[in-house]
Amino acid sequence: MNKEDKELLEEVVGEDPTKADSYNIRKNGKGIDRKVNPNINIAPKENNSGIDVYVKDDTLFGTVNIPVIITESGLTDVVYNDFHIGKNANIIIVAGCGISNNGHWDARHDGIHRFYLEEGAKVKYIERHCGLGVGDGKRVLNPVTEIYMKKGSYMVMDTTQIKGVDDTIRTTKAKLEEDTTLVITEKILTSNDQQAKTEFEVELKGENASTHVTSRSVATDDSYQEFISNITGNTKCYAHVECDAIIKGNGKVKAVPEIYAKNVDANLIHEAAIGKIAGEQLMKLMSLGLSEKEAEDVIINGFLK
Amino acid sequence: MKKHANVFANEITCEFILMMIIKIERRFMLELKDICFERNDRKILNHINLKLDTGKFYVITGPNGSGKSTLAKIIMGIEKPDSGTILLNGEDITNKAIDERAKMGIGFAFQQPVQFKGITVYDLLKLATNKELSKKEACDILSKVGLCAIEYVDREVDRSLSGGELKRIEIATVMARKPYIAIFDEPEAGIDLWSFQNLTEVFKEIGATSQGTTLVISHQERILNVADEIILLGQGTIQKVGAKEEVFDHIFKPKKCGKEVAPCE
Ligand SMILES: Nc1ncnc2c1ncn2[C@@H]1O[C@H](COP(=O)(O)OP(=O)(O)OP(=O)(O)O)[C@@H](O)[C@H]1O
Ligand SMILES: [Mg+2]
C-alpha cells in the first residue's frame, strides 16, 4: 500500500481501517490485507471474487472494516461479500469504495453485499463512496445490497455518496420477518453530468416488521437522479419512506414511490419533496450576514450532514 | 490679524455644523422616506415616512394585513420597495442586499421562523455571532429566551421543535448578533404566558442597555406598555405615532360606521 492508497482509504473510510477489530482491504480486484479475530472471521472466496464474513453468536461491539480501492483506469471489479451475523451479535460494519481514476478508461466497481441476520442480531452498516482523480475516464459504482432479517433483528444502513462518482445504480433489497426494524439513510450529491439511480425494494413479511427509509439528495449542474422505492406490507407492519431532494442549476430528480399494502393492518407512508433551496432559508441566513453563496453551502452541507 | 480671526471663526462654524450633522444622524438612525409597495394592484404600503431614533424602543401595531411585516422586510432588504428610500445613518441603503444590511447592523427575527434540515441550534447561533462560540456561550443566549439550553443546543432546527421553541430560537439568533437595529416580528406569538413575562423583561433589557434601536411588531399590551413610542399602521399607512395613551385614544375613538369597513358582497 503506498501513500496515495492510504489517502484514498482515509477518504473512503474516514479513519484508519487497520484500527478496526477485523478488516479486509481490497485493491484493484485483490485482497491485500486482512485481520480476523476469534469472534469475527473473514474468509476469502475463490478467485478473489469476494469474502465471507462470519460473526459468532453473541459477539458484542465488534467492528468489521472492508474498504475497496481502485486506482487502475479501465478496471472492472465485481465482488461478492456475504455477512453472516450470528444470534444476538451486535456489530458495526464499514464498507466503501474509492475510485481514483487518472486515465481515459472507465473504472468500475460492482459490490454485491448480502447480509444474513440471525435472530436478535443488530447491525450498523456504513457505506461510503467517492470518486477521485483527474482522468476523463468515468468512475462507476453499482452497489447491490441484499438484507435478510430473522425475527427480532435490527439493522441500520447509512450510505453516502458525496463526490466524484459519475455513474451509480444502487439496488437495495430487504426481506423482514417478525419484530424486525430496518432503518436506511441515504445521502447523495451529484454534480456536472453525473447520474445516480437508487432503488429500494423492501418486503415486510413478518408481524411488526418496520422500516424507515430516508433519502436526502442534492442534484446540481446537469446531473440526474432517480429514486425508486417499492415497499410491500404483507401483514401488520409499518413503513415510512421519505425522499427529500434539492435541485440546483439544471439538476433533475425523479422520485417514484410505490407502496403496496396487502393487509388491512399494514401502515405504509411515503413522502417525497423535490425543490430548490427555499428562498426564506437563504434570506434567513443572509440576514445573519452570510452571502448568498455561503448561505447555499451551509444549507446543502447541513442537509447532507 | 483680522484675517486670522476670520479663519478661526470659519473653522468653528464648520466644526459646529459637522457636529450638528452627526447629532442629527445619530438621532435618526433609520429613516424611511416615502416608501410604497404594491402587489396585485393593492397598495400594501402607501407613502410610509418614518424616523427611528437611536436607543429607543418602538412597537408597531395594527390590524392583520395592515403591512407590518412587509415594512419590517423592507427594512431588512427581504422585500424591495417600488419607490422611496431607506437611510441608515444618512446612508442610502435602498439597494443594498440583505447580507450587506446585516453587516451594517440590522437584525430581523421572522414572524414565521425558518426551519433547516440538518442544521443545529448551535450551528445557527455560531453563524449568527460569526465567531468562535463556545457551547456555554450558546447556552447563555438560549437561556435568555427561556430555553433550557443543554437540551436544545444540539437539536436540529426542523419540525421536530415545537412552534414556541422555534420562535424562541429565532429570537435568540437575532439577540446573538447584537444588532444596532433589532426588529422582532410578533416575538410573543406562540409563546406561553408563563415565560411571556420573562420575554417582556428581555425586550425591556434590550431597550435599556442597547445603544441601538429596537423595533417590535406586536399586538400584546404588555409589549405596548414598555414601548417608548407606538406606531399604528392601518391599511398600509401610518395612522399615528406616539405614546401609548395617544395611540390607544386613536384606536378606540368611535369610527363612522359604513365607511371604514366595506361589507362583503
Ligand atoms: N409579496 C406579496 N404579494 C402579494 N401580497 C402580499 C405580498 N406581501 C404581502 N402581501 C399582502 O400584504 C398585506 C400585508 O401583509 P403583512 O404580512 O405585511 O401584514 P401584517 O400587518 O404583518 O399582518 P399580520 O398581523 O397578520 O402579521 C397582506 O394582505 C398580504 O396578503
Ligand atoms: Mg405580520
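Engineer: Quick one: what's the story with the coordination of the magnesium ion (ligand 2), residue by residue and with numbers?
Structural biologist: Residue and element names in this part refer to chain B. The protein atoms that coordinate the magnesium ion (ligand 2) are Ser69 (OG) and Gln111 (OE1), at distances spanning 2.0 to 2.2 Å. Taken together, the residues serine 69 in helix H2 (residues 68-76) and glutamine 111 in the loop between strand E6 (106-109) and helix H4 (121-129) connect sequence positions 42 residues apart. Using a relative accessible area of 17% as the deciding quantity, one classes serine 69 as buried.

Engineer: Now, about the site of ligand 1: what can you tell me, with residues and values included?
Structural biologist: Residue and element names in this part refer to chain B. In the vicinity of ligand 1, 16 residues are found, and the nearest of them are Arg42, Gly65, Lys68, Ser69 and Thr70. Here asparagine 64 contributes a side-chain N or O atom positioned 2.9 Å from an oxygen atom of ligand 1. Side-chain polar atom of serine 69 to an oxygen atom of ligand 1: 2.8 Å apart, as the coordinates give it. For ligand 1, the accessible surface in isolation is 640 Å², of which the surrounding protein chains cover 68%. Of all the secondary structure elements, the ones that give two or more residues to the shell around ligand 1 are strand E2 (42-53) and H2. Among the elements that take part in the shell around ligand 1, H2 stands out by supplying three residues, more than any other. Looking at the shell around ligand 1, its residues break down into two nonpolar, nine polar and five charged.

Engineer: Lay out the packing of aromatic side chains with the relevant residues and their values.
Structural biologist: Residues and elements named next belong to chain A. In total, this model carries five aromatic pairs over all chains according to the counting rule given. Ring centres of tyrosine 116 and tyrosine 148 lie 5.2 Å apart, and the angle between their planes is 10°; this geometry places the pair in the stacked category. Taken together, the residues tyrosine 116 in strand E8 (residues 107-117) and tyrosine 148 in strand E11 (residues 144-149) connect sequence positions 32 residues apart. Exposure remark for tyrosine 148: the relative accessible area of 30% places this residue in the partly exposed category. Through successive ring pairs, a cluster of aromatic residues spans Phe83, Phe115 and Tyr125.

Engineer: An account of the nonpolar core is needed here, citing residue identities and associated values.
Structural biologist: Within the largest apolar cluster, 89 residues are counted, with the highest numbers of intra-cluster contacts made by Leu125(B), Leu142(B) and Phe184(B). Take this core: its biggest share by element is seven residues, from helix H7 (residues 163-177) of chain B. What Leu125(B) contacts, discounting residues up to four positions off in sequence, is Leu133(B), Ala138(B), Ile141(B), Leu142(B), Ala172(B), Thr173(B) and Ala176(B). Within the second largest apolar cluster, 39 residues are counted, among which are Phe115(A), Leu176(A), Val202(A) and Phe227(A).

Engineer: Report on the packing of helix H2 (residues 279-286) of chain A against helix H3 (residues 292-303) of chain A, specifying residues and quantitative values.
Structural biologist: Helix packing geometry: the angle between the two helix axes and the distance between the axes. All names here are of chain A. One can describe the packing of H2 onto H3 by two numbers: an axis separation of 9 Å at closest approach and a directional angle of 115°. As H2 packs across H3, the resulting crossing turns out to be right-handed. Packed against H2, whose contacting residues are Gln281, Leu282, Leu285 and Met286, the element H3 presents Glu292, Ala295, Glu296, Val298 and Ile299 at the interface. Broken down by class, the residue content of the contact of H2 with H3 amounts to six nonpolar, one polar and two charged.

Engineer: For the sheet that holds E6(B), give the residues involved together with the corresponding values.
Structural biologist: Residues and elements named next belong to chain B. As summarised here, the arrangement of the six strands in space is E6-E7-E8-E3-E9-E10, forming an open sheet in which the pairing is mixed. Only two strands of the sheet have a single partner each, and these edge strands are E6 and strand E10 (237-242). Direction aside, neighbouring strands of the sheet carry axes that sit 15° apart on average. One ladder, built from five bridges, connects strand E9 (residues 229-234) with E10; its direction is antiparallel. Bridged to leucine 233 within E10 is isoleucine 238. Of the strands in this sheet, strand E3 (57-61), E6, strand E7 (181-185), strand E8 (213-217) and E9 touch H2, which is tilted by about 145° from E6.

Engineer: Explain the interface of chain B and chain A to me, and be specific about the residues and the numbers.
Structural biologist: One frequent convention defines the size of an interface as the accessible area lost when the parts assemble. Chain B puts 25 residues into the contact, and the matching count from chain A is 20 residues. Between chain B and chain A, roughly 1,900 Å² of surface is buried when both sides are summed, and carbon and sulfur atoms account for 62% of that area. When the buried area of chain B at its contact with chain A is split by residue, Phe116(B), Lys117(B) and Leu127(B) rank highest and sum to 29% of it. For the pair chain B and chain A, the number of links is four salt bridges. The closest approach of N and O atoms between Asp244(A) and Lys117(B), which form a salt bridge, is 2.1 Å. Here chain B is connected to chain A by eight residue pairs in polar contact (both at pLDDT 80 or more). Secondary structure elements with two or more residues in the side of chain B that touches chain A: helix H3 (98-104), E6, H4 and H7 of chain B. Partitioning the side of chain B that touches chain A into residue classes produces 14 nonpolar, four polar and seven charged.

What counts and how
- Residues numbered from 1 in each chain as written.
- Chains lettered and ligands numbered in written order.
- Predicted model: local features only at pLDDT ≥ 70, side-chain atom pairs only at ≥ 80, totals over all residues.
- Heavy atoms only, no water.
- Donors = N, O, S within 2.8 Å, 3.2 Å for Na, K, Ca; no water.
- Helix = DSSP H or I, 4+ residues; strand = E, 2+ residues; numbered from the N terminus.
- Buried < 20%, exposed > 50% of the residue type's maximum accessible area, 1.4 Å probe, protein only.
- Near = heavy atom within 4 Å.
- Polar contact = N/O pair within 3.5 Å; in protein donor to acceptor, adjacent residues only side chain to side chain.
- Areas by Shrake-Rupley, 256 points an atom, 1.4 Å probe, with all protein chains shown as cover.
- Nonpolar A, V, L, I, M, F, W, Y, C, P; charged D, E, K, R; others polar.
- Phe/Tyr/Trp six-rings, centres within 6.5 Å; stacked < 30°, edge-to-face > 60°.
- Core = buried A, V, L, I, M, F, W, Y, C linked by side-chain atoms within 4.5 Å.
- Contact = heavy atoms within 4.5 Å.
- Axes fitted to C-alpha atoms, helices over the stretch in contact; angles between N-to-C directions.
- Left-handed = near helix turned anticlockwise from the far one by under 90°.
- Pairing = 2+ DSSP bridges.
- Buried area = accessible area lost by both parts, 1.4 Å probe.
- Salt bridge = Lys/Arg side-chain N within 4 Å of Asp/Glu carboxyl O.

From the geometry alone we can't say anything about function, so treat these as descriptive.
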